[in-house]
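Chain residues, written in single-letter form:
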Amino acid sequence: MLRGFFLRLLPSLLKKKMRFPPIGFLRPSSIPFIASLVVLFLGCLTSNISLCLPIVPSSLETLPVDGHFSFQGIEHAARDFGNQYQFLPRAVLHPKSVSDIATTIKHVWQMGPGSELTVAARGHGHSLQGQAQAHQGVVINMESLQGTEMQFHTGNFPYVDVSGGELWINVLHESLKYGLAPKSWTDYLHLTVGGTLSNAGISGQAFRHGPQISNVHRLEVVTGIDLWKELGAGKGEAINCSKKKNGDLFHSVLGGLGQFGIITRARISLEPAPKMVKWIRVLYSDFSTFTRDQEYLISAENTFDYIEGFAIINRTGLLNNWRSSFNPQDPVQASQFKSDGKILFCLELTKNFNPENTHINQEVESLLSQLSYIPSTLFLSEVPYIDFLDRVHVSEVKLRSKGLWEVPHPWLNLLVPKSQIHHFAAEVFGKILKDSSNGPILIYPVNKSKWDNRTSAVIPEEDIFYLVAFLSSAVPSSKGTDGLEYILSQNKKILDFCKTARLGVKQYLPHYTTQEEWRAHFGPHWEVFAQRKSAYDPLAILAPGHRIFQKATPFL
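Residues numbered from 1 in each chain as written. Predicted model: local features only at pLDDT ≥ 70, side-chain atom pairs only at ≥ 80, totals over all residues. Heavy atoms only, no water.

J.: Help me out: how do you make sense of helix 19 (residues 526–536) in this one?
T.: For an α-helix, the turn length of 3.6 residues means that residues three or four places apart are oriented alike. Of the positions making up helix 19, those classed as buried are W526, F529, A530, R532, K533 and Y536. Projected onto a plane normal to the axis of helix 19, the buried residues spread over an arc of 155° and lie on a single side. (Buried < 20%, exposed > 50% of the residue type's maximum accessible area, 1.4 Å probe, protein only. Helix = DSSP H or I, 4+ residues; strand = E, 2+ residues; numbered from the N terminus. Arc of directions from axis to C-beta.)

Pasting the structure below:
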């Protein structure tokens with residue numbers, strides 16, 4: 001009886017603090033709560049009760065799947081790239097088939113609302129705040145589905161069918177064998193297809209092609225409820241959906257944060273791939289000039305193929321140690337340039353080409369002649385297309401070798417309306433972050449017209465908006481300006497300013513801890529989002545790590 005009492009008591013205690021206790025993210029305000037758990041834990045030792053090791057339902061152990069469940073040594077499923085939260089699951093499923101995923105979710109559904117078991121799909125582990133974790137639930141290792149063969153169609157409108165657990169870098173390698181490549185990317189390619197499509201997938205091509213969710217023809221999805229009769233799937237199978245077939249499910253899942261179903265397969269639009277790119281960086285000391293040029297480029301008919309930008313805060317000797325792979329057009333002038341510790345803004349561009357194009361240099365020069373950058377800061381590089389797309393992985397390898405990759409990453413990604421970007425920059429770069437930053441700060445505009453407003457992705461209500469991404473890394477155990485608590489406090493100042501100034505900013509890769517905050521995030525779209533949850537995952541089995549819905553509680 002005592003064992004059962006504690007097991008029933010623990011979930012209610014855990015819900016007092018953000019519903020799920022972050023094992024690896026301890027703040028002073030959490031200490032009394034954690035102390036009470038320690039008391040419970042010590043009591044368990046004397047009563048032979050384990051609250052630390054999750055209790056495995058015997059039904060999971062006997063569930064017929066082609067793959068297998070792991071119940072021990074699953075601590076990796078309680079970690080992610082953000083390195084801020086750790087939610088230990090009860091089990092990890094390593095599926096060999098889509099049927100394994102459908103069988104598991106159906107089993108949890110049949111356990112009913114009385115069970116607190118939930119399910120989270122985990123790709124390559126690059127969530128930031130535990131979004132792909134499931135406290136005391138089941139984590140599905142989507143990379144186990146990578147073995148599924150990619151199927152290419154190379155006609156007038158080429159595409160590829162890929163597993164939701166496939167990495168984008170693998171999709172690129174296979175596509176290039178056919179002289180093709182996806183149209184829209186993220187800056188980092190070692191992410192799963194299902195993972196980025198559950199968010200949006202944004203990079204410097206989004207101004208032209210839209211995010212990755214705008215470049216999908218079809219999905220295969222396992223929902224949180226058996227809808228095979230209603231939506232025409234075979235019994236026990238995943239559901240196929242597209243704009244024309246089961247369109248509501250298709251648009252719900254895209255940018256849906258995993259709330260409505262697990263993407264097990266996707267049909268991705270392709271285009272002819274170039275062999276090379278001209279990779280260009282130029283600097284600006286004036287923010288208005290920087291944004292004016294960016295907005296001109298994303299609106300021009302003849303323009304670059306990739307357009308991003310970033311802020312450079314308080315760097316000295318900038319051009320001497322900026323990028324060894326880049327060469328200044330005028331080395332003498334470049335060596336004389338001094339940033340004097342000012343905030344500078346870098347415009348990063350590429351132009352795709354094939355070796356037989358003998359006019360590429362003139363094309364680039366013509367495009368650059370329309371811009372107002374600091375003349376002595378034109379840096380040029382020429383690299384293979386695949387090397388440019390996989391550029392971040394090079395940095396990852398270096399950081400891993402120094403033990404600097406698996407550190408806390410308190411990233412903050414914001415979508416800022418064009419009309420507010422100067423107000424935003426004046427406060428953030430002029431006051432909050434004027435002295436230092438702890439990682440890259442990306443700033444670049446995208447066109448809303450390239451987004452589909454039927455998807456679940458939340459964006460500002462303006463024709464042009466900016467992605468501003470603070471990609472900070474924290475030094476473990478540091479109490480200074482490079483420590484986690486300081487960076488989080490800076491992030492909070494930025495968010496508080498956006499809210500107080502009513503800038504209409506939306507979080508990308510959003511993180512909130514209460515449903516009230518989520519309602520504010522979705523704004524007028526909340527009701528549709530909640531209705532979709534009721535339709536496709538009425539018990540709130542899926543993606544509990546976002547903390548949007550609590551299992552078996554009313555949504556509307």
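J.: Explanation requested: the packing of aromatic side chains in the structure shown.
T.: Two aromatic rings are characterised by how far apart their centres lie and by the angle between their planes. The final tally for this structure, using the stated rule, is 25 aromatic pairs. Here the aromatic rings of F424 and F470 are separated by 6.4 Å at their centres, their planes lie at 45°, and the arrangement is tilted. Of the two residues, F424 is situated in helix 16 (residues 421–432) and F470 in strand 18 (residues 464–470); the sequence distance between them amounts to 46 residues. We note that F424, like F470, is buried. Through successive ring pairs, a cluster of aromatic residues spans F260, Y512, W518, F522, W526, F529 and F549. If you follow R391 out to its NZ or CZ, it ends over the ring of F388, 4.2 Å from the centre. (Phe/Tyr/Trp six-rings, centres within 6.5 Å; stacked < 30°, edge-to-face > 60°. Lys NZ or Arg CZ within 6 Å of the ring centre and 35° of its normal.)

J.: So what exactly am I meant to see when it comes to helix 18 (residues 515–522) here?
T.: Taken as a whole, helix 18 has its buried residues at Q515, W518, H521 and F522. Along the axis of helix 18, the buried residues cluster in a sector spanning 110°; they form a single face. For helix 18, the exposed residues set more than 90 degrees away from the buried face come down to E516 and A520. Residues of helix 18 that are buried in the fold lie against strand 19 (506–508) and helix 19. (Contact = heavy atoms within 4.5 Å.)

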